[in-house]
Amino acid sequence: MLEYDEKRDYIRMDVDCEITYKLADSDTFRSGRCTSLSGAGVSFIAETAYDSGLAMEVNVIPKNAVTPSMTAFIEVVRSIPQEDGSFEVAASIRSLK
């Protein structure tokens, strides 16, 4: 039997695929790289830091055509600066579109 020590409600999957995102009150989409995904959250690399609590819409675009894309409404939890000047944005999924 496999043992799993994760204390989260959902298993986090490491992913590497394109993501588009926009602020809830904007029509302008930006592109980034999705780095992890779970049933409750998502993290991605963005060029800009975003404040905690900010509402956004994201579209996770898988590398293969067999898997459909996922559009979700999220709330930013934190933005972590990266060495290359980008930011890792971690967010809670509030609902799926």
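Structure first, text after, so check above.
Let me begin by describing the structure that accompanies this report. All figures in this text were calculated on a predicted structure; none of them were measured in a lab. (Residues numbered from 1 in each chain as written. Predicted model: local features only at pLDDT ≥ 70, side-chain atom pairs only at ≥ 80, totals over all residues. Heavy atoms only, no water.)

**A closer look at the pattern of salt bridges**
When the charged atoms of two side chains with opposite charge come close together, those side chains can pair. What the rule picks out here adds up to 5 salt bridges. With a shortest N-O distance of 4.0 Å, Lys22 and Glu57 are connected by a salt bridge. Taken as a pair, Lys22 in strand 1 (residues 13-23) and Glu57 in strand 4 (residues 55-61) lie far apart in primary sequence, 35 residues in all. A residue is classified by how much of its surface remains accessible, and Glu57, at 12% relative accessible area, is buried. A salt bridge links Lys97 to Glu57; its shortest N-O distance comes to 3.7 Å. With a gap of 40 residues between them, Lys97 in the segment after strand 6 (87-96) and Glu57 in strand 4 connect regions that are remote in the sequence. Several salt bridges converge on common partners, so that one network encompasses Asp16, Arg33 and Lys63. (Salt bridge = Lys/Arg side-chain N within 4 Å of Asp/Glu carboxyl O. Helix = DSSP H or I, 4+ residues; strand = E, 2+ residues; numbered from the N terminus. Buried < 20%, exposed > 50% of the residue type's maximum accessible area, 1.4 Å probe, protein only.)

**Let's talk about the pairing of strand 3 (residues 41-46)**
Burial analysis of strand 3 places 5 of its 6 residues in the buried class, which makes it a mostly covered element. Pairing geometry for strand 2 (residues 30-37) and strand 3, over 4 bridges, is antiparallel. Across the sheet, residue Leu37 finds its bridge partner in strand 3, namely Val42. The antiparallel hairpin formed by strand 2 and strand 3 contains 3 residues in its connecting segment. Relative to strand 6, strand 3 runs antiparallel, the two sharing 6 bridges. (Pairing = 2+ DSSP bridges.)

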